[in-house]
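Tertiary structure, described
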Amino acid sequence: MPHPYTIAAREEKAAHAQALGITEARISQLVDSFYDKIRGDALLGPIFNEIITNWPPHLERMKAFWTSIAIESGRFRGNPMVKHLAIPGIERSHFDHWLKLFDETLPEIMPNAAACQFLSDRAERIAESLMTGISIHRDGRLGGMPPVP
């Protein structure tokens, strides 16, 4: 059982998202619209379309991920780092472009700038965490720093 402080923090986070107008329905729309853009994107489309052969389950998984991130639904189970480590040739430029498309999609779905910023901030932290983990696992170092002897 989670600690009472953990439960309270999650409830506070969910209430904040709800006050911003972030709902499961909006997250579902966001995921559908965003991945439509990804699939047709010249840089990211080929990567995603090669790896994901059955889109409906992937979209449901992304909806579970984003509802867990944004409104503490607790529906997501998995390890995004492992999935991203398996993508050959993934670079910071891919994450930067992913974030650009995500940020372009947010105002099309979310009800206000605060909701967009809330989700954008989380997406940036996730992208940074994934890129850092990939750099450590793949290159044995952080960013451009030389490996530790």
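The following refers to the structure shown.

The rules behind each value
Residues numbered from 1 in each chain as written. Predicted model: local features only at pLDDT ≥ 70, side-chain atom pairs only at ≥ 80, totals over all residues. Heavy atoms only, no water. 1 Å grid on protein atoms, 1.4 Å probe; cavity = no way out; pocket = protein on both sides within 12 Å on 5 of 7 lines; lining within 4 Å. Points joined across faces, edges and corners; volume = space filled by probe spheres on them. Helix = DSSP H or I, 4+ residues; strand = E, 2+ residues; numbered from the N terminus. Nonpolar A, V, L, I, M, F, W, Y, C, P; charged D, E, K, R; others polar. Phe/Tyr/Trp six-rings, centres within 6.5 Å; stacked < 30°, edge-to-face > 60°. Lys NZ or Arg CZ within 6 Å of the ring centre and 35° of its normal. Contact = heavy atoms within 4.5 Å.

**What to know about empty space enclosed by the protein**
Following the criterion strictly, the structure yields one cavity of 30 Å³ or more and no others. Put simply, the largest cavity is a space of about 30 Å³. Forming the boundary of the largest cavity are Leu30, Val31, Phe34, Tyr35, Trp66, Trp98 and Phe102. If you list the elements that add at least two residues to the lining of the largest cavity, you get helix H2 (24-40) and helix H6 (92-109). In terms of residues, the lining of the largest cavity owes the most to one element, H2, which gives four residues. Partitioned by chemical class, the residues of the lining of the largest cavity number seven nonpolar, no polar and no charged.

**Digging into the packing of aromatic side chains**
How two aromatic rings sit relative to each other is set out by the distance from centre to centre and by the angle between their planes. Throughout the structure, instances matching the rule amount to nine aromatic pairs. Within the aromatic cluster, the residues linked to one another by ring pairs are Phe34, Tyr35, Phe48, Trp55, Phe65, Trp66, Trp98 and Phe102. A cation sits over an aromatic face here: Arg122 above Phe118, 3.6 Å from the ring centre.

**Section: the environment of Gly21**
Note on placement: Gly21 falls in the loop between helix H1 (4-20) and H2. Excluding anything up to four places from it in sequence, Gly21 contacts Arg26 and Pro111.

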